Amino acid sequence: MPLDDTRPLVRTPRPQAGEGFMGYLLRVSEANGCPDPYWLLRALGCSAYALATSGTLKPLADALSLEEVSLEALRHAPASDGPGSRQVRFGSGTVHRSAIIADRSRYCPICLAEEGFFQSVWQLKPVTACPKHGVQLLERCAGCGRSVSWRREELFRCPCGHDLRQSTSQPASPESMALSRVLMGKLGNPLHEVADPALLAEAFTALELADLVDHTLFIGAYVSGRGRGAGRQTMSRLMGDAGIDVFQRVAVILADWPKAFFALLDDFRRHGGEGATHIGLEMEFRSFYAALYSRQFRESGKLGLVRGAFETYLRNHWRGGFLGAKNRRLADDLHDRQRYVPLAKAARLIDMHSGALEREIRAGLIEALILRMGSRTLIMIDREKLEAYRLNRDQMVGLFDARRVLGLSKSPFLDLVRAGIAKAVRGPTLDGYAYWTFRKTDLQQLLDTILSGVPESKPGPDHIEYRKAVRIATYRGLGIVDFVKAILGRNLRVAGADPRAVGMERCYFDPDEFLAFASGERPFANWTASVEEAAAQLGLKSQVTYHLVRSNLIRSVSVSEGGKISLRVPLDAIREFETSYIPAAELAVRYGTSSRHLAAVLQQHGIVPVTGPTVDSGRQYFFSRSRLAMRDASEILEGIRSRIDTA
Ligand SMILES: [Zn+2]
Ligand SMILES: [Zn+2]
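Residues numbered from 1 in each chain as written. Chains lettered and ligands numbered in written order. Predicted model: local features only at pLDDT ≥ 70, side-chain atom pairs only at ≥ 80, totals over all residues. Heavy atoms only, no water.

1. A closer look at the coordination of the zinc ion (ligand 1)
Here's step 1: Protein ligation of the zinc ion (ligand 1) involves Cys108 (SG), Cys111 (SG), Cys130 (SG) and His133 (ND1), the donor distances falling in the range 2.0 to 2.3 Å.
Here's step 2: Sequence spacing of the donors to the zinc ion (ligand 1): C-x2-C-x18-C-x2-H. Of this pair, Cys108 sits in the loop between strand 3 (104-105) and helix 5 (109-115) while His133 is found in the loop between strand 4 (129-130) and strand 5 (135-136), placing the two residues 25 residues apart along the sequence.
Here's step 3: The exposure class assigned to Cys108 is buried, which follows from its relative accessible area of 0%. (Donors = N, O, S within 2.8 Å, 3.2 Å for Na, K, Ca; no water. Helix = DSSP H or I, 4+ residues; strand = E, 2+ residues; numbered from the N terminus. Buried < 20%, exposed > 50% of the residue type's maximum accessible area, 1.4 Å probe, protein only.)

2. Here's the deal with the packing of aromatic side chains
Here's step 1: According to the stated counting rule, one finds 13 aromatic pairs in the structure shown.
Here's step 2: Centroid distance Phe483 to Phe509: 5.5 Å. Interplanar angle 85°. Geometry classified as edge-to-face. Of this pair, Phe483 sits in helix 23 (residues 480-488) while Phe509 is found in strand 16 (residues 507-509), placing the two residues 26 residues apart along the sequence. Note on accessibility: Phe483 and Phe509 belong to one class, buried.
Here's step 3: Judged by centre distance (5.2 Å) and plane angle (45°), the ring pair of Phe577 and Tyr581 falls under tilted.
Here's step 4: On the basis of relative accessible area, Phe577 is assigned to the buried category, the value being 4%.
Here's step 5: Taking relative accessible area as the criterion, Tyr581 reaches 4% and is therefore assigned buried.
Here's step 6: Cluster of aromatic residues (ring-pair linked, three or more members): Tyr107, Phe118, Trp122 and Trp150. (Phe/Tyr/Trp six-rings, centres within 6.5 Å; stacked < 30°, edge-to-face > 60°.)

3. Re the coordination of the zinc ion (ligand 2)
Here's step 1: With distances of 2.2 to 2.4 Å, the protein atoms coordinating the zinc ion (ligand 2) are Cys141 (SG), Cys144 (SG), Cys158 (SG) and Cys160 (SG).
Here's step 2: Its 4 donor atoms give the zinc ion (ligand 2) angles of 106 to 112° at the centre, a pattern that matches the tetrahedral case.
Here's step 3: Sequence spacing of the donors to the zinc ion (ligand 2): C-x2-C-x13-C-x1-C. Of this pair, Cys141 sits in the loop between strand 5 and strand 6 (148-149) while Cys158 sits in the loop between strand 6 and helix 6 (174-186), and the two are 17 residues apart along the sequence. Each member of the pair, Cys141 as well as Cys158, is classed as buried. (Tetrahedral: all angles 85-135°; square planar, octahedral: opposite > 155°, others 65-115°.)

4. What about the packing of helix 6 against helix 10 (residues 244-255)?
Here's step 1: Where helix 6 meets helix 10, the closest approach of the two axes is 8 Å, and the angle between their N-to-C directions is 85°. By the criterion of interaxial angle, the relationship of helix 6 to helix 10 is roughly perpendicular. Residues Glu175, Ser176 and Leu179 of helix 6 form the contact with helix 10, whose participating residues are Gln248, Ala251, Val252, Leu254 and Ala255.
Here's step 2: For the contact of helix 6 with helix 10, the class distribution of residues is 5 nonpolar, 2 polar and 1 charged. (Axes fitted to C-alpha atoms, helices over the stretch in contact; angles between N-to-C directions. Parallel < 35°, antiparallel > 145°, perpendicular 65-115°, else oblique. Contact = heavy atoms within 4.5 Å. Nonpolar A, V, L, I, M, F, W, Y, C, P; charged D, E, K, R; others polar.)

5. Regarding the confidence of the model for the chain
Here's step 1: Residues of the chain with pLDDT of at least 70 account for 80%, and the chain-wide mean is 79.
Here's step 2: Of all secondary-structure elements in the chain, the lowest mean pLDDT belongs to strand 7 (residues 318-319), at 36, while helix 5 reaches the highest, 94.
Here's step 3: Note that pLDDT drops below 50 for residues 272-284; the model gives that stretch 25 contacts with residues more than four away or on any other chain.
Here's step 4: In the predicted structure, residues 318-338 sits below a pLDDT of 50 and forms 43 contacts with residues beyond four places in sequence or in another chain. (pLDDT = per-residue confidence, 0-100.)

6. Observations concerning the sheet that holds strand 14 (residues 464-465)
Here's step 1: On the basis of which strands lie adjacent, the open sheet formed by 3 strands has the order 14-16-15 and antiparallel pairing. Unpaired on one side and paired on the other, strand 14 and strand 15 (496-497) mark the two borders of the sheet. (Pairing = 2+ DSSP bridges.)

7. Side note on the packing of helix 22 (residues 466-475) against helix 24 (residues 511-518)
Here's step 1: Their axes nearest at 10 Å, the elements helix 22 and helix 24 cross at an angle of 25°. Relative to helix 24, the element helix 22 lies roughly parallel. Our pair here, helix 22 against helix 24, has a crossing hand that is right-handed. Taken together, the residues of helix 24 that come into contact with helix 22 (itself represented by Ala469, Ile472 and Ala473) are Phe514, Leu515 and Ala518.
Here's step 2: The residue inventory of the contact of helix 22 with helix 24, partitioned by class, reads 6 nonpolar, no polar and no charged. (Left-handed = near helix turned anticlockwise from the far one by under 90°.)

8. Digging into the pairing of strand 2 (residues 93-96)
Here's step 1: Summarising the sheet, strand 1 (residues 87-90) and strand 2 pair through 4 bridges and their orientation is antiparallel. Each bridged residue has a counterpart across the sheet, and for Arg89 the counterpart in strand 2 is Thr94.
Here's step 2: The hairpin formed by strand 1 and strand 2 contains 2 residues between the paired strands, and Gly91 there has a positive phi angle of roughly 55°.

9. Some details on the pattern of salt bridges
Here's step 1: The final tally for this structure, using the stated rule, is 19 salt bridges.
Here's step 2: Among the salt bridges present, the one from Lys58 reaches Asp62, with a minimum N-O distance of 3.1 Å. Separated by 4 residues within a single helix, Lys58 and Asp62 lie in helix 3 (residues 58-64), roughly one turn from each other.
Here's step 3: On the basis of relative accessibility, which here comes to 43%, the residue Lys58 falls in the partly exposed class.
Here's step 4: According to the relative accessible area criterion, Asp62 is partly exposed, its value standing at 44%.
Here's step 5: The salt bridge partner of Lys132 is Glu115, with a shortest N-O separation of 3.5 Å. Separated by 17 residues along the polypeptide, Lys132 in the loop between strand 4 and strand 5 and Glu115 in helix 5 bring together distant segments of the chain.
Here's step 6: For Lys132, a relative accessible area of 32% puts it in the partly exposed group.
Here's step 7: Among the residues examined, Glu115 registers a relative accessible area of 33% and is labelled partly exposed.
Here's step 8: What you see here is one network of salt bridges that share partners, running through Glu114, Glu115 and Lys132. (Salt bridge = Lys/Arg side-chain N within 4 Å of Asp/Glu carboxyl O.)

10. Some remarks on the side chain of Thr216
Here's step 1: In this fold, Thr216 is placed in helix 8 (residues 209-223).
Here's step 2: In this structure the side chain of Thr216 is engaged in a polar contact, spanning 2.6 Å, whose partner is the backbone oxygen of Val213.
Here's step 3: If we ignore the near neighbours within four places in the chain, the residues touching Thr216 are Pro126, Leu179, Phe247, Val250 and Leu254. (Polar contact = N/O pair within 3.5 Å; in protein donor to acceptor, adjacent residues only side chain to side chain.)

Written out as structure tokens, the structure reads:
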């Protein structure tokens, strides 16, 4: 039945109170035998997308003998002509366009059967329940399982033939009924007694319609996983086909605010994907930030409740005091996002492995923003701090290169380090850091001091060269430490520096002078203890103490006694050990747990014991006291205590 514009429609049903535009249009097109409502619009000369545009509805109004304004009130035209405005009119208020389902029917089958029309509020995505009948709204046909397009011939019938009124629906959750009822109330719909609006947190009940809808959309985007990593994507794209289930979860979160929201944030971290990289998590975190703190929302004061709760969450999880009261507000800091670089990118910028950089951060060597969420951690680094760190790091060398500067093998080199002669910046027995780190210039300076005033020339045939000197000294019970101390203390003269050799190996000695030094009687017994005696003084088992001596955690000297070399512990080395290390067992008593558990928790957080079963097959765990004195360590220890207290 082609329509012509001289003849009004044969049947002109009136719109019902609370009826939606497309549902009404379908009722009209069905009454007049049209194939579908879009066809009707086109036939009358209206835009087929009249719902979403401000195109005129006059031909339709004329055909229905209605005032154009009464039709205008039904459709969701843009709220303003401004470009980029996504707000559309809805009832007496406005909502974000992506909150409206425009192209398909959602419905309560019972209402549909009782009232015979599609309610306007059913098109609002956060409305997921019928508070009158206590059921979930349906967005699919029970007959064919497809979503029910408005492009159909009969109001009550899916194109597959199924009568939508015959569908049954699940009972709705009290939370989704509460949210639906509050939204319906804000749209001027009569309230229904089945739902208890008090279930919704009061802060939300008090919001304006548009703001409440924005909150549900924003949280919904993250509930559905769409918000994550989405950056600046528009809400419309995020929420395009978000289903009822998403908003039912949102309703539960709004009902238990902010606790349930915090749980959602925890969930992000936990389910960030197995093996999710730090960079991925940072992106995710940043997109959440980016959206939440975008100018669009910040300047309008929208999403205030989400922002407030998010900041509370961060404040309780940030480490490093970034959000302390004296610090700038998070919102201000986000202004210049370029200032912070995610861990992986930062590591790339300074040509470093991200795991290594993370260790440096955890050890407090470089300041970073560390966000702990559930079992995940996000790390952001200030560009300026990163550059300062890089400059400093270029001066640093690890054990391998440090040894090469002095031309020593590992064991004598570490003896020098533990004796404080070769100065380390960081290291296992220094601050508990797992890797020895040295400043190149410190080592070069030590070598320069050893060789200062020493003529550079090749050794003669009578000279005792370095390697031979070490052998003689060792045989006499003298270690490298005694050796270097003697040189630095001017008790042993270096006769010359061999230009062909490297480091300490450049040294050679006058035979008479060297033998006089090496055979010098020294009263070892007066200032040393046997390992057994040291064990007794430390209150440790002798096997444990032997291990500590062997691993150089307790400094020792080799002493020649009656032709036999034995290990003895200088008395000051015992005191030194006690002030530098603490047994995990002692800590365990203090924090009310077992030493194994304590060691495991600390290791999980990157705080490695200097010795112990999982480190070097030592029998007991020991930690560096200075490492444990760092803030992150004390927080972890307090965490162990509080977990036990609350258990
Ligand atoms: Zn109903
Ligand atoms: Zn169907």
